[in-house]
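# Inside the fold
Read off the chains here:
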Amino acid sequence: MGLSKLENFLGNHIEGFFNKRFASELEPAELARALQKEIAQQADQLKDRTVSNLYVFTLASEDYNRLCAKRVKKELYTVAEKEVIRIDAYMDGELWLEMRQSEALKTGNFELKSGEKAEERIESDEPDTLVLERSSLSNLQPLNLPIDYRTASLTVLQGPDEEAYLEFGERKVYIGRRDKNEFILTDTQASRLHAWIAYERHRHVLYDAQSTNGTYVGGERIEQHVLQDGDEISIGSTLLVYEVI
């Protein structure tokens, strides 16, 4: 076989065989890593660290059929929320996720574009920005999480309730000695309603409830404080830690 015929044979048969044989399916972890990277890059580029609230994945058809499921979207949703907290960023409006399919993409490949949920098309010079027309939003729905979907936790490090633990997400968390609080303390130096945590701009914000002995973060008394991963909160003789889980 001549050299040119051998090259043609390799190109037409061997390469095709390896492409088909070893084409790898896309895994949710790859989508999650891309989403984390996109959010982190946006935050680093913006002074106010307010990132986009719309993320659109375009997948090859085979991958789309496997991964376009509510379970995967929920996983990606919580990845995005945790990343916003972890890197000390913010997000306005509801977080929207969409998956699309493209015949032009090979199995294992995907594209991720981000932007703001919009009703009109706006011309943009940014290659990573996706702005949708009103008609394009017809199949785009916000992912409504269960009320107990969890992204962060409180753990008592010191005090009468040492090792007490609570995981939470978007719902308010009331902290203190009264029985109907979400996080109940037996510490006699804590008020009945001592503090609460609200969910604002996709961040957990700690508020002091005009408590008698005050609420402290990192040793400083606060009226309100945007929590960051690893923050230590002092309430009476109780020391808690806030963590992204």
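Each remark here, short or long, concerns the structure printed above.
Residues numbered from 1 in each chain as written. Predicted model: local features only at pLDDT ≥ 70, side-chain atom pairs only at ≥ 80, totals over all residues. Heavy atoms only, no water.

## Describing the overall build of the protein chain
Scanning the protein chain from terminus to terminus reveals 4 helices and 16 strands. Burial statistics for the protein chain: of 245 residues in total, 43% are counted as buried. Residue pairs in contact within the protein chain that sit at least 24 positions apart in sequence constitute 58% of those at least 6 positions apart. Carbon and sulfur atoms make up 45% of the accessible area of the protein chain, which totals about 14,100 Å². (Helix = DSSP H or I, 4+ residues; strand = E, 2+ residues; numbered from the N terminus. Buried < 20%, exposed > 50% of the residue type's maximum accessible area, 1.4 Å probe, protein only. Contact = heavy atoms within 4.5 Å. Areas by Shrake-Rupley, 256 points an atom, 1.4 Å probe, with all protein chains shown as cover.)

## Focus on the side chain of serine 191
With respect to the helices and strands, the residue serine 191 is situated in the loop between strand E9 (183–184) and strand E10 (195–200). Look past the residues within four positions of serine 191 in its chain and what remains in contact with it is Gly176, Arg177, Ser211 and Thr212.

## Remarks on unusual backbone geometry
We note that arginine 49 has phi near 55°; this positive angle belongs to a residue other than glycine. With respect to the helices and strands, arginine 49 occurs in the loop between helix H2 (28–45) and strand E1 (50–51). The backbone of glutamate 163 shows a phi angle near 80°, a positive value even though the residue is not glycine. Of note, glutamate 163 is situated in the loop between strand E6 (152–158) and strand E7 (165–168).

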